[in-house]
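A structural walkthrough
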Amino acid sequence: MKYTGKLTIALLVLALCALPLSGCAESAPSSAGSQPAELVQTVAASSEDSDDSWDPSDAVKITLNGTSATAEGTGVSVSGTTVTITQAGTYQVSGQLDDGQIVVDAGKDDLVRLVLNGASITCSHSAGIYAKQAGKTVLILAEGTQNAVTDGSEYLYPDGGDEPDAAIFAKDDLTITGQGQLAVTGNFHNGIGSKDNLIVTAGNLSVQAVNDGLRGRDSVSIVDGNFAIESGGDGIKSNNDEDTSKGWIRLDGGTYQITAGNDGIQAETSLTVTGGTYTIVAGGGSANAAVQGGDFGQNPGGMGGPSVRPEGDMRDDRGGTPPEFEGGPAGAQQPIPTAVTFSVTDTADGSNQSDSYKGIKSGTGMTISGGSFSIDAADDAVHTNGDLTVEDGNFTISTGDDGFHADGALAINGGSIRINTSYEGLEGATVEINGGDIHLTASDDGINAAGGSDGNTGRTDTFRTGSGNYIRITSGFVLVDASGDGLDSNGALYLDGGTVLINGPTSGGNSAIDYDGVCEITGGVLAAAGSADMAQSPSDSSTQSSLMVNFTQVQEAGTLVNLSDAQGNTLLTFAPSKSFQNIVISTPDLTQGASYQLSTGGSCDGEADGGYYGASAYSGGTKLSDITLSAAVTRVAQDGTAMTGSMGGGMMGGGRGQGGFPNGERPGRGAAPGDAAAPGR
C-alpha cells in the first residue's frame, strides 16, 4: 500500500508590521493596526495519523519471546532478535524482547502501521524501534495495553554515521496514535525522535531521556495525548536550523507534565499553541536562578539562556544515565529534579557557552491562542527571538528571568496571566496589551520595552536596534508589583484604555512609570504608586486629565487613597500593597478645571481587586486637600499646592532620555519595531 493524502496544518507566524524610527514628538496611533500575516506550513500527513483502528485478522502477527521472535505473514523477516519489516502493511507486535530490535526498512513511499499490543522491547546497543526507511511509520498503541521501549547507554554503528540516536527513531515521518500506554527510556540520547516530522494524535506516553524527550527535526505537531516527560535536555524539540520553513512546533491539545534540564518546549523557528494543559519545570525551576561563579543573564535575548549551566545529574551529552523516573500512566505527576547549581562554562575562545533553561521557546515567532500553563523556569518562562502574540490562555508562572520575553513585538490580547516570581514580568522591543487579566510581580521592572539590565549583570538585552520602542495599553486589567520601574519604556508610553494599577518601587532610583519619550493618556484608569525621588508624571500632551500627588511622608502599605468630586462622590479608591510617597491617578471622569477632594485612610465598601475599589462607597478618611485640575496634568503636594521644578529627573513629566518617533508620528497598533509608521488616527 502506498502512503497518500495530505492534511494541511496551518501555523500562524507573526509578520513584521509598521513601526517608525526614533524621533521626538508623537501623534495619535492608528486605532486598527496591521494584522499578523499568516504563514502556512504543511506537513505531509495521512488520514492514518488519527486512525487507531486495526483488524487482527488482517495484521501480520509478530510475537516476541524474550531471546527470539516469530512472525506470521509476509513483509517481515526475523534474524535472531532482529525483526525487519520490508513492505507496507499493518503489523501487530506483542510479547517481550530482551535484547533486540524492530527495524522498518520498507519502500520510500510505504505506509507502515506498527501496532504495539502489549510489547516490551529492550535493545542494549541501538534503538528499540528503528524506522530506517518508509514513507511514514505509524505507531498504534492498542487500547488497554502497556508497552515499553528501552535502549542502551552505548550504540553500535556498524555502517558508520550517528543514526539512530533515540530509543524510538525514524529517518522519515513518524506518527504515534492510539489509546494505550507507551513508556520510553532513552539511556543513550533522545527518547523519541524523527529526522523529518513527528506527529502525535493520541496516546499515553511516559518518556525519560538523557537528552531530549520528543524531537522532530523538521516539525512536531501534537493534536492530543497525555505526556509525562523527564529529560536532561529539552522536553519537546524541533531543531532544523537549515530550512526556515521547518523546525517548527504546533500544539493543539494534550496534557503535559514536563521536567527538563534545559528548555521545556523549544522550536528552532516558529511555535503555535492553540490548546492543552502544560506543567513545565525547566532548569530546576526559578529557585535555580541564583548563580555561582558567574552572573545571570550574560547571554540576553537570544535562543540561549543565562551564561551558566547546571552541573549534576542532568545530561545533554550522548551516553549516561537518564534522570530517575518512576513509571506509571503518562500524565501522572512526576518528580521534580533535585536542585542544580549554576556555573560559567568558557569556550576555547574565551566566550561563555550557555545552555538554555526556558519554559517555552521559539526562534522566529510564537502565537498562543489557548491552553493552561503552569511554568517554573530558571530562565524566561515564555521566550521568542521574534514576535510573540498571546490571544488567550491561563498562565501561572514563576521564573528566574522574564515572564514573557520577545526580542521583537510582544502583544497580549487576552487570557489570564499570573506571574508570581520574575526578574521582569513582560519584556519586548515593543509591548502592547489589548486585553486580558494580568497580575505580575517583578524584582526589577514590571513591564519593559526595549531592555535594561538582565539579572545582576549590568548588561542590556539584545533587541532590534535603531527602533522605536513603546508600551501601549488599550484594554484589560493590569496589576504590577515591581521593585524596579512599574512600566519602563525606553521610548514612549501610551495608555489608551483598561485598568492599570502599579505598586512601584519603595526606594529611589526607580519610579512607578518611567519613559524616555512621552507618556500620553487618552483613556482608561491609572493608579501608580511608588517612591517620590524619580517619579515621573504623564505628559502634558495627554488628552485625558491626570493628577500627580507627592506626599510629605512615606505612606504605609495598604493606606487607602481616595479621590472624590466636589460633591463627595468617589471617583477612585486605591490601596497600594507597598509603602509609597507618590501617586499618579487618571480616570475618564477627571475634567480639567473641576475641583476634587483628596483623602487618605478610612474604609471602603466592597471587595478590592488588587487594592482597587473603583468608585465603591468610601468613608472615614482624612481629607488632605481640595485640588483644582489646572491642566492636562496637575502636579501637587498633598496640601494641594502646585509642585514646580523637577525632582529626581522626572516629576514634571517628559523623559529621562531621548525617545519618540520620526515626523511626529505615533506608531499604529500592532506596529513592529523598525518599520514605517502606521497611519495616525
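Residues numbered from 1 in each chain as written. Predicted model: local features only at pLDDT ≥ 70, side-chain atom pairs only at ≥ 80, totals over all residues. Heavy atoms only, no water.

Side note on the packing of aromatic side chains
Applicable threshold: Centre distance within 6.5 Å is the pairing criterion for rings of Phe, Tyr and Trp, where only the six-membered ring of Trp is used; planes under 30 degrees apart are then read as stacked, over 60 as edge-to-face, and the remainder as tilted. Here a helix means four or more residues in a row that DSSP labels H or I, a strand means two or more in a row labelled E, and each is numbered from the N terminus. Burial classes follow relative accessibility: with a 1.4 Å probe on protein chains only, a residue under 20% of its type's maximum area counts as buried, one over 50% as exposed, and anything between as partly exposed.
Taken as a whole, this structure holds 10 aromatic pairs when the rule is applied. Relative to Tyr256, the ring of Phe227 has its centre 4.8 Å away and its plane inclined at 5°; by these criteria the two rings are stacked. A residue pair is termed long-range when its members are at least 10 positions apart, and Phe227 in strand β19 (residues 226-231) and Tyr256 in strand β22 (residues 255-260) qualify at 29 residues. For the pair Phe227 and Tyr256, a shared accessibility class is recorded, and that class is buried. Ring geometry for Tyr470 versus Tyr494: centroids 6.1 Å apart, planes at 50°, classification tilted. With Tyr470 in strand β40 (residues 470-482) and Tyr494 in strand β42 (residues 492-495), this residue pair connects regions lying 24 residues apart in the sequence. You can call Tyr470 buried: its relative accessible area is 0%.

With respect to the environment of Thr269
So the rule is basically this: Only heavy atoms enter the contact rule, under which two residues are in contact if any of them lie within 4.5 Å.
On the secondary structure map, Thr269 appears in the loop between β23 (265-267) and β24 (270-273). Since its relative accessible area comes to 6%, Thr269 is described here as buried. Spatially, the C-alpha atoms of Thr269 and Thr384 are 9.2 Å apart, while their sequence positions differ by 115 residues. The contacts of Thr269, once residues within four sequence positions are left out, are Thr244, Lys246, Gly247, Trp248, Ser362, Gly363, Thr364 and Gly365.

Section: the nonpolar core
Put simply, the rule is: To form a nonpolar core, buried Ala, Val, Leu, Ile, Met, Phe, Trp, Tyr and Cys residues must be joined to one another through side-chain atoms within 4.5 Å.
Of all hydrophobic cores here, the largest spans 101 residues; its most connected members are Ile192, Ile236, Ile265, Phe404, Leu426, Ile447 and Leu487. Residue contributions to this core peak at 6 residues, all from strand β38 (residues 424-442). Setting aside anything within four residues of it in sequence, one finds Ile236 in contact with Leu214, Val220, Ile222, Ile229, Ile249, Tyr256, Ile258, Gly264, Ile265 and Gln266. With 24 residues, the next largest nonpolar core counts Phe477, Phe580, Leu590 and Val636 among its residues.

Some points on the sheet that holds strand β55 (residues 622-628)
Selection criterion: Between any two strands, pairing holds if DSSP finds at least two bridges. Structural elements are reduced to axes, namely lines fitted to C-alpha atoms, with helices fitted over the stretch in contact, and the angle between N-to-C directions of any two is expressed from 0 to 180 degrees.
Taking strand neighbours across the sheet as the criterion, the 5 strands line up as β53-β49-β48-β51-β55 in an open arrangement whose pairing is antiparallel. Each edge of the open sheet is held by one strand with a lone partner, namely β53 (612-614) and β55. In this sheet, neighbouring strand axes are inclined to one another by 15° on average, regardless of whether the strands run parallel or antiparallel. In this sheet, strand β51 (residues 595-600) lies alongside strand β48 (residues 561-565) in antiparallel orientation, the contact comprising 5 bridges. Bridging from a neighbouring strand, Asn562 pairs with Ser599 of β51.

A short note on the confidence of the model for the chain
Counted only if it meets this: Confidence scores here are pLDDT values: one per residue, from the predictor, ranging 0 to 100.
Overall, the predicted model of the chain reaches an average pLDDT of 82, with 76% of residues at or above 70. Every residue in residues 1-42 scores below 50 in pLDDT, and together they form 158 contacts with partners more than four places removed in sequence or on other chains. Predicted confidence for residues 452-460 stays below pLDDT 50, and this span has 28 contacts to residues more than four positions away or in other chains.

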